[in-house]
Amino acid sequence: AQSVSQHNHHVILSEAASLELGCNYSYGGTVNLFWYVQYPGQHLQLLLKYFSGDPLVKGIKGFEAEFIKSKFSFNLRKPSVQWSDTAEYFCAVTTYNTDKLIFGTGTRLQVFP
Amino acid sequence: DAGVIQSPRHEVTEMGQEVTLRCKPISGHNSLFWYRQTMMRGLELLIYFNNNVPIDDSGMPEDRFSAKMPNASFSTLKIQPSEPRDSAVYFCASSLEAGSSYEQYFGPGTRLTVT
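This write-up is about the structure you can find in this document.

Analysis parameters
- Residues numbered from 1 in each chain as written.
- Chains lettered and ligands numbered in written order.
- Predicted model: local features only at pLDDT ≥ 70, side-chain atom pairs only at ≥ 80, totals over all residues.
- Heavy atoms only, no water.
- Helix = DSSP H or I, 4+ residues; strand = E, 2+ residues; numbered from the N terminus.
- Buried < 20%, exposed > 50% of the residue type's maximum accessible area, 1.4 Å probe, protein only.

## What to know about unusual backbone geometry
Of note, the bond from Ser7 of chain B into Pro8 of chain B is cis; its omega dihedral lies within 30 degrees of zero at -10 degrees. Inspection of the secondary structure assignment puts Pro8 of chain B in the loop between strand S1 (5–7) and strand S2 (10–13). Across the junction of Gln80 of chain B and Pro81 of chain B, the peptide omega takes the value -10 degrees, indicating a cis bond. With respect to the helices and strands, Pro81 of chain B occurs in the loop between strand S8 (74–79) and strand S9 (88–95). One non-glycine residue with positive phi stands out, namely Ala16 of chain A, at about 80 degrees. Judged by relative accessible area, which is 52%, Ala16 of chain A ranks as exposed. One non-glycine residue, Phe72 of chain A, lies in positive phi territory at about 50 degrees. Inspection of the secondary structure assignment puts Phe72 of chain A in the loop between strand S8 (64–68) and strand S9 (73–78). In this structure Phe72 of chain A comes out as partly exposed when scored by relative accessible area, which is 35%.

Structure (structure tokens):
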């Protein structure tokens, strides 16, 4: 069965620090990859997605992610975080033969001013 | 559009009681998903519908859980009888279609506490 691993459960950064959150999936075929964000007290929102083409995907609020097929990875990055990026971040995957979004366990990011 | 609407936002109930969670998807969306979020298991898909028809309910934990979608604008998730281990945040999401390429839009969730 497909699965998604997020290695960092809790990340604490100061403002202006660079961010990289890891995401690995287990599936050998074609995948669609997503990063969702959940701000405190709010619902999940899509940050960015990868379906095909350029493996470097740009999303909202300065976030980007790189799909590395050989490593089964889709890491999320931001060069300089802000306090307002404090949230929980979820990586998710779907495959060509399923409509299900399989989520990772999430990474809680805290950014201090 | 108001987005996906869920009610209630919070529910506290005693073990053994029936609980009904409600969801109104975004107008025009043909697919609806129910998820459960817990600290231990993260976000899990419980069931999803396409054009009001249940497509995959393999994530429904047991027979105490049931879900219906009587029309395109309304769905319910029912737990009867409820147990403390059902305490979680339940999210509803909708998308234009059920294909893997379609973005899912999430509601604000219902936080359920069973005492």
